[in-house]
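Examination of the molecular architecture
Here's the letter readout for the chains.
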Amino acid sequence: MNPEEPFRKILTEAPVPVTDIDIRPLAEIYAEKNVYLSVYLPVGGRENEHPNKIFLDSRLKAIKEVVTGELLSDFEKTLEMAEEYIFEPAISGEKGRIIFASSPESFLQVYRLAVEPERSLVLDTSPYLLPLARLRADYEDYGMLLVDSQEARFVCIRSDLAEEREHLSTDLMNKHKKGGWSQMRFNRQRKEAMKSFFTEVAGNVEDTCGKLKTKGLVLAGPGNAKQQLQEMLPEEVRNSILDVIDVPMDIPKDELIESGNSVLQEEELAESNRWAKKFKSEILKGGLAVAGVKNVGQALEQARVNVLLMRRASSVPGWICERCQNLQANATPPVECDRCGGPTSKVNILEEFYELAQRTGADVEFVEEDDFPDQDYVVGALLRY
Ligand SMILES: [Zn+2]
């Protein structure tokens, strides 16, 4: 499918969360020839400049050596179109950049990120999405609620970008202390003030969380105010709490993000483990699951996959027919497709699986290598039927 307007040209001027990139329509795009250039670069810090240059020079040279005729002139035009975005220095806060470009399709998308992707440059029949998919798995959006007995701040962390959503503040220490009050009366007043403060925060958090699609909530702050608040939160919000952590209220923003990220990382590992267990038990009882490249490929083609499980760091070489999408793993591409005679090209089977999963509405989960029951399984699938 060809890309449609206005999706053909997207240029971001400030870093965006990876979850803001609309991956579904990107997965719908493909052409019969290798006309899509995809570039992933870490751009934060001067230490990336030199390795980026070496990487780009060698990849561009390698492509120019194998591409000929019309494809070569298309590639050169695509490169001309994308060049300034590939080579320009980072803007403030930018740590990574993704560029999808195709001159014949008048297609150019440039995403600036606050996180670092792995270096990659690919010329293919469609935008290369696997690195983006992994980034999205690594950087899910979550909320951080920072609270003590006087103040609460709600921050959304999206791909290392912190967006403050609510600011609630109350001066509990002094507001109710009037001359002549006994200590006991003061304490009672203060307790009531705190209770109404927490109720207000709880309501606000519920509103805020309801509007956001986040992985969950990290509850943070010094002392025991956060536990008191936790008890007052509506059940639904309380269930979305990933962890409760001790940090000072004046924690610098990058340290706040770092401590939140480590909670998320643990959650991510636990989730990988849960998926692997579920997969393993389905396989053992002969239930709704298949394993291995061949079976998973078939199930994807039949749109039977509910959840596609992929080993985190892996690639499987193979080929695809650009006309009928015939997909073969671990084989050198023949000149013509054995099914329809169409043109074939070399692919990473996992990239093709990812795109098929997107097109058929299957979820994709990355599983840690150690969690997969058999080291030979690179992919597995939980089936719809
Ligand atoms: Zn074919």
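As recorded in an unreviewed UniProt entry, the chain goes by the name eRF1 domain-containing protein, listed as coming from Methanolobus zinderi.

Some thoughts on the overall build of the chain
Counting secondary structure elements, the chain contains 10 helices and 17 strands. Dimensions of the chain along its principal axes, counting C-alpha atoms only, are 95 × 55 × 35 Å. Here the chain, with 385 residues, has 49% of them falling under the buried criterion. Considering only contacts in the chain between residues 6 or more positions apart, those separated by 24 or more positions represent 70%. Taken as a whole, the chain presents about 19,100 Å² of accessible surface, with 47% of it coming from carbon and sulfur. Both charge centroids of the chain, one from 47 positive and one from 66 negative side chains, sit 4 Å from each other.

Some words on the pattern of salt bridges
Taken as a whole, this structure holds 21 salt bridges when the rule is applied. We note a salt bridge from R323 to E32, for which the minimum N-O separation is 3.8 Å. Highlighted residues: R323 in the loop between β13 (317-321) and β14 (327-329) and E32 in the loop between α1 (23-28) and β2 (36-42), separated in sequence by 291 residues. With a relative accessible area of 49%, R323 lands in the partly exposed category. Between R112 and E88 there is a salt bridge, with the nearest N and O atoms lying 2.5 Å from each other.

Remarks on the domain arrangement of the chain
Domain boundaries in the chain define domain 1 (1-139), domain 2 (142-251) and domain 3 (268-385). A C-alpha centroid distance of 41 Å is found between domain 1 and domain 2. With 9 residues of domain 1 at the interface, the matching set in domain 2 holds 5 residues. Summed over both sides, the interface between domain 1 and domain 2 buries roughly 560 Å², with carbon and sulfur atoms accounting for 54% of that surface. Looking at the side of domain 1 facing domain 2, the largest losses of area belong to P17, A114 and Y139, adding up to 58% of the total buried there. At the boundary of domain 1 with domain 2, the tally comes to 1 salt bridge. Two residues, D20 and R158, come together in a salt bridge whose shortest N-O distance is 2.8 Å. Where domain 1 meets domain 2, there are 3 residue pairs in polar contact (both at pLDDT 80 or more). Grouping the amino acids of the side of domain 1 that touches domain 2 by side-chain chemistry returns 7 nonpolar, 1 polar and 1 charged.

A word on the packing of helix α9 (residues 293-301) against helix α10 (residues 349-359)
A packed helix pair is summarised by two numbers, namely the angle formed by the two axes and the spacing between the axes. Where α9 contacts α10, the axes come no closer than 10 Å and their chain directions differ by 25°. With respect to α10, the axis of α9 lies roughly parallel. Relative to α10, the crossing made by α9 is left-handed. Within the contact between the two elements, α9 uses V293, V296, G297 and L300 and α10 uses I349, F353, L356 and A357.

With respect to the packing of aromatic side chains
Applying the stated criterion across every chain yields a total of 3 aromatic pairs. Measuring from ring centre to ring centre gives 6.2 Å for Y40 and F100, while their planes differ by 80°; the resulting arrangement is edge-to-face. Residue Y40 is found in strand β2, and its partner F100 is found in strand β3 (residues 96-102); the two are separated by 60 residues along the sequence. An identical accessibility class is assigned to Y40 and F100; each is buried.

A look at a negative patch on the surface
A grouping of E76, E80, E83 and E84 is seen on the molecular surface, where their side chains present a negatively charged patch. Within the element layout of this structure, E80 appears in helix α3 (residues 69-87).

A short note on the sheet that holds strand β12 (residues 305-311)
A sheet is described by the order of its strands in space; here 4 strands give the open sequence β11-β17-β12-β16, paired in mixed fashion. If you trace the sheet from one side to the other, it starts and ends with β11 (289-291) and β16 (363-367), each paired once. Strand-to-strand twist of the sheet, defined as the mean angle between neighbouring strand axes without regard to direction, takes the value 20°. Pairing between β11 and strand β17 (residues 379-383): 3 bridges, direction antiparallel. Bridge pairing in β17 links A291 to G380. Across the sheet, α10 touches β12, β16 and β17, and the angle it forms with β12 is around 155°.

Reading the values: the criteria
Residues numbered from 1 in each chain as written. Predicted model: local features only at pLDDT ≥ 70, side-chain atom pairs only at ≥ 80, totals over all residues. Heavy atoms only, no water. Helix = DSSP H or I, 4+ residues; strand = E, 2+ residues; numbered from the N terminus. Buried < 20%, exposed > 50% of the residue type's maximum accessible area, 1.4 Å probe, protein only. Contact = heavy atoms within 4.5 Å. Areas by Shrake-Rupley, 256 points an atom, 1.4 Å probe, with all protein chains shown as cover. Lys, Arg positive; Asp, Glu negative; His and termini not counted. Charge placed at Lys NZ, Arg CZ, Asp CG, Glu CD. Salt bridge = Lys/Arg side-chain N within 4 Å of Asp/Glu carboxyl O. Domains from an automatic or database assignment. Buried area = accessible area lost by both parts, 1.4 Å probe. Polar contact = N/O pair within 3.5 Å; in protein donor to acceptor, adjacent residues only side chain to side chain. Nonpolar A, V, L, I, M, F, W, Y, C, P; charged D, E, K, R; others polar. Axes fitted to C-alpha atoms, helices over the stretch in contact; angles between N-to-C directions. Parallel < 35°, antiparallel > 145°, perpendicular 65-115°, else oblique. Left-handed = near helix turned anticlockwise from the far one by under 90°. Phe/Tyr/Trp six-rings, centres within 6.5 Å; stacked < 30°, edge-to-face > 60°. Patch = residues over 30% accessible without salt bridge, like charges linked within 9 Å, V, L, I, M, F, W, Y side chains within 5 Å. Pairing = 2+ DSSP bridges.

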